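Here are the chains, one letter per residue:
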2 protein chains.
Amino acid sequence: MTSPRTFVIVGGVAGGMSAATRLRRLDERARIIVLERGEHVSFANCGLPYHVGGVIADRESLILQTPASLGARFALDVRVRTEAVAIDRDARTVLARDLTTGAEQSIGYDALILSPGAAPVRPDIPGVDLGLVLRDIADMDRIIAAAQHARRAVIAGAGFIGLELAENLRHRGLDVAVVQSMPHVLRPFDVEMAHIVAQRLRANGVELHLGTTLTGIANDHVVLDGGAATLPADLVVLSVGVRPESGLARHAGLELDASGSIVVDDEQRTSDPAIFAVGDAVVKHRFDGDPSPVWLAGLANRHGRLAADVIAGRPHAAVPALGTAVIGVFGLTAAAVGRTERELREEGRAIRVIHTHPTNHAGYYPGAEQLALKLVVDADTDAILGAQAIGGGAEKRIDVIATAMAGGIPARGLADLELAYAPQFGSAKDPVNMLGYVDDNLIEGELTVQWHEVAGKQAEGWRLIDVRTPGENALGAIPGSELITLDELRDHAERLRGERVIVTCKVGQRGHTAAALLRQYGVTVANLDGGYTTWWAGTAALAPTLVAA
Amino acid sequence: MTSPRTFVIVGGVAGGMSAATRLRRLDERARIIVLERGEHVSFANCGLPYHVGGVIADRESLILQTPASLGARFALDVRVRTEAVAIDRDARTVLARDLTTGAEQSIGYDALILSPGAAPVRPDIPGVDLGLVLRDIADMDRIIAAAQHARRAVIAGAGFIGLELAENLRHRGLDVAVVQSMPHVLRPFDVEMAHIVAQRLRANGVELHLGTTLTGIANDHVVLDGGAATLPADLVVLSVGVRPESGLARHAGLELDASGSIVVDDEQRTSDPAIFAVGDAVVKHRFDGDPSPVWLAGLANRHGRLAADVIAGRPHAAVPALGTAVIGVFGLTAAAVGRTERELREEGRAIRVIHTHPTNHAGYYPGAEQLALKLVVDADTDAILGAQAIGGGAEKRIDVIATAMAGGIPARGLADLELAYAPQFGSAKDPVNMLGYVDDNLIEGELTVQWHEVAGKQAEGWRLIDVRTPGENALGAIPGSELITLDELRDHAERLRGERVIVTCKVGQRGHTAAALLRQYGVTVANLDGGYTTWWAGTAALAPTLVAA
């Protein structure tokens, strides 16, 4: 009988703990030691913002496991407040320091798994130490303590955690402003989609300062754009990104990428074959060569399990990360997968873009909610490159599209997906099916223009025809458009022969019917993708002072 | 310029109307005539039960289009109360009869699309004419009129429409009994899953008579099982299945299958190349050669569009139908796709079956609901053959699995799906991922037993060890089980070496950990799939008088 192996895991949250428990199930005899620098292992980091707002009332419910419970069930040797301070790769030992006593111990390992996570970035600005961050339970406690005496919070960064915190600080009754250097919230979305989230934030009293950078923090205010403006603030939270906690790996000479993330192969192995790494400190192999980093709990857990499998002799490969994500913002759901139009256009990729605005279930059944959907497709291969959904049932549609992407289903194949339908759950033609139908029409030669292309086309001499009703038109229309309702269009078609026409309606559906009609009369016709609804959102987002709500 | 073509469509609901509007978009010049025998075209047939219960308050909202609106927008010639009574295939004419005046007209066609639907079966029993059915708006009006004076309704058939009606008649305050000849409700589910729905029905005052056949109807009661019992009833609805309305096709000599459904190729073409057929009267090409018929609005719409595409010169092929379906029952969601364990075992197929009972989102976030999931997998190829989900987020998980099936993702591949996670929407390891992990464990050699196999194994000498807590055990345990909690099991493992053991917990998760542990001590160990929860549901469903709730 061989002697038991020793596995050391650095970091006891998400990926690290998934690896530890999986290793135990695969190897009952192994010695498994988990070193965690913080107070807690296996806490619910994604739940932290919600305890700040009281949505999750019970703080203890965020602590999913304790060293004692993990010892009893999985025979894990879990050591909290214990930091791994050095790795001797030749000797295969890791030096662990007890942060309470300062005592150090060298622990031999047969395999080492690094799951150190990533730390919130603290920008190099005056007063940065006055800003709080939110990474662990101690951070959460600090924010709650500060919020008890605060009236006015400023959050730097309108990413997932920043917006979740904004909502929860509003729940506590604070005034909240969010400062974001990008021109829109939520980087995984494009501007016209993110604008829907921005409207929801503003409607709930969150002040947004977009395209604005936090450049200083003082006791009672923050400084914006190098002194261009200030905002009163007695609570400041920095949520402007994270940096990998790869110091231990760097000192051990493991390969890092330019951003400092630990480089791993598709079995989560670092440049040292006895050392694995998982979670937020690690380079992810991204779908479509996406260069953006991704920090997601699901991937950390999955890769932790994978590393354990490889160590235990069940090798398999990680699949590329799609970056599927979802956030709830004051009851509005926003979900996304894959790549944005913005990134792909910057790369010069040939893409098709589709916007739709269906209801999340049959309109005649009570409670139907608006859903804004966007699909980004490779124009040559019809591969789905990304999708964004905001509104009722958004996360369901993104899960379906993420699964289609994993299965290699092309965009037009979305039309043939057979999704569960009853009037309270969907439509006989589900919104995802409709995306496939629209893509199919584009492949078959239907032309569309995007909201940001309308003005340019008009300048080139294209006519813009609004096929909505006079009542809809009166509530707001694109400058330069003329009104011919869809039901009257057939009577006008002959005189449009030979012209170049953009048709527009509310969401693009009547426009599709109008375009199909006019094309058969010899009109060069393009449908405004997503209709007035998408055009308005994008235009309002970019020029908030020019377009009325 | 060629002369315009004429397309005649028989049946103006779902598939027929999808075909008509699609044809118009593809061919502006064609003459398109829709013949509809009933009063209404394009009505929301899936919404009918909900107007009976007042959930959909406005009757007019069920009528989605009128002949006038379709004429104005799509230049369709829609004739209601007009029946197609004969087809002359050689002359390519259809004889249309105005049901109001009796006048007949012969209409030439270039292509004919049949979308006649299916009619509720009226069994050959005494008093059958006293029973109502629910197919169209006139039927709905009759049920509402009868319900106004009724106190006690009996519904024959516990399929989707039968149960939707049961719920809605309860909403009206009637006593409701459902009579079902199968031993459980909802044929697309297996008995232990259907039992969860049955419990919800009973908890809401619906009386269930399962394994019971309605054999007669009288003015104030119905007769069960040939006189074995009676039930008081002043309203009886028959919902025991449908038969294709293929009389017109039969008389025209088109090929039908043994059940009377119209045979079509994968472009929806009948045995006459100028005649297409779609919807509930048509044979569907089923996934995995599934022999069960399927009637779903989504397929009807999709196939209607497909037939129009083929006629207009854009041929493509229908994909096999999975039979994805969902129903809401008193707030409980039940969804399914593909094939059942019952059918596959009857066919003698080698399958793996997986039951899980997760919550639909992170347990620490308020509002988490129970979800029962079942996956049926081909034991040789790992292909997903079917799935069933009941509870919170059921339809989302079934949509994801249906998409995975369409994309050819094997069951273990579900582990790698990257699904949207935030604590209010899911878990870092989504329930669908967990199904993949369990399948992976089975592939790697973990043994499980199904709830219906426990007694047989015990008879063969297997020990049954309950690894739950004493408190859980005291609330109910499988006869013959002994209690050793999971956290104590390691201390008992050595003395079990060489034995055959079934481990059982609440849902199968602790059982998996227990099995992984014992196996490494040389125990032949199988985990009870789905734990006590699944065992109880299946056992209670089959022997309701033997097992207490």
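This is a predicted model, so every value here is computed, not measured. (Residues numbered from 1 in each chain as written. Chains lettered and ligands numbered in written order. Predicted model: local features only at pLDDT ≥ 70, side-chain atom pairs only at ≥ 80, totals over all residues. Heavy atoms only, no water.)

1. Looking at helix H11 (residues 431-443) of chain A
All names here are of chain A.
1) Next: The end-to-end C-alpha separation of H11 is 19 Å, in line with the 18 Å expected for 13 residues at 1.5 Å each.
2) Next: The element H11 is extensively covered by neighbouring structure, given that 10 of its 13 residues are classed as buried.
3) Next: Buried residues of H11: Pro431, Val432, Asn433, Leu435, Gly436, Tyr437, Asp439, Asp440, Asn441 and Leu442, and no others.
4) Next: Between a side-chain oxygen at the N-terminus of H11 and the backbone nitrogen of Val432 the separation is 2.9 Å; the capping residue is Asp430.
5) Next: Of the residues trailing H11, Gly445 is marked for its positive phi of about 110°. (Helix = DSSP H or I, 4+ residues; strand = E, 2+ residues; numbered from the N terminus. Expected span 1.5 Å × (residues − 1). Buried < 20%, exposed > 50% of the residue type's maximum accessible area, 1.4 Å probe, protein only. Polar contact = N/O pair within 3.5 Å; in protein donor to acceptor, adjacent residues only side chain to side chain.)

2. Brief notes about the domain arrangement of chain A
Residues and elements named next belong to chain A.
1) Next: As far as domains go, chain A holds domain 1 (6-118 + 243-311), domain 2 (128-240), domain 3 (331-444) and domain 4 (448-542).
2) Next: Using C-alpha coordinates to define each centre, domain 2 is positioned 30 Å away from domain 3.
3) Next: Between domain 2 and domain 3, the residue contacts involve 12 residues of the former and 15 residues of the latter.
4) Next: When the two sides are added together, the surface that domain 2 and domain 3 hide from each other amounts to roughly 1200 Å², 60% of it contributed by carbon and sulfur.
5) Next: Among the residues domain 2 hides against domain 3, the three largest losses belong to Phe189, Asp190 and Met193. Together they make up 47% of the total.
6) Next: Across the salt bridge formed by Asp190 and Lys374, the nearest N and O atoms sit 2.7 Å from each other.
7) Next: Our count for the domain 2 to domain 3 interface comes out at nine residue pairs in polar contact (both at pLDDT 80 or more).
8) Next: When grouped by side-chain class, the residues that make up the side of domain 2 that touches domain 3 number seven nonpolar, one polar and four charged. (Domains from an automatic or database assignment. Contact = heavy atoms within 4.5 Å. Buried area = accessible area lost by both parts, 1.4 Å probe. Salt bridge = Lys/Arg side-chain N within 4 Å of Asp/Glu carboxyl O. Nonpolar A, V, L, I, M, F, W, Y, C, P; charged D, E, K, R; others polar.)

3. Side note on the nonpolar core
1) Next: Core analysis: the biggest nonpolar cluster contains 53 residues, and Leu169(B) and Val197(B) have the highest contact counts within it.
2) Next: Setting aside residues no more than four positions away along its own chain, Val197(B) makes contact with Leu163(B), Val185(B), Leu186(B), Val329(B), Leu332(B), Ala334(B) and Ile390(B).
3) Next: Core analysis: the second largest hydrophobic core is formed by 52 residues, Ala150(A), Val197(A), Ala334(A) and Tyr364(B) among them. (Core = buried A, V, L, I, M, F, W, Y, C linked by side-chain atoms within 4.5 Å.)

4. Some words on the confidence of the model for chain A
Residue and element names in this part refer to chain A.
1) Next: Put simply, chain A has an average pLDDT of 95, and 99% of its residues get 70 or more.
2) Next: Low pLDDT, under 50, characterises residues 545-549; the predicted model gives this stretch five contacts beyond four residues in sequence or across chains.
3) Next: ipTM for the predicted complex: 0.96, alongside a pTM of 0.96. (pLDDT = per-residue confidence, 0-100.)

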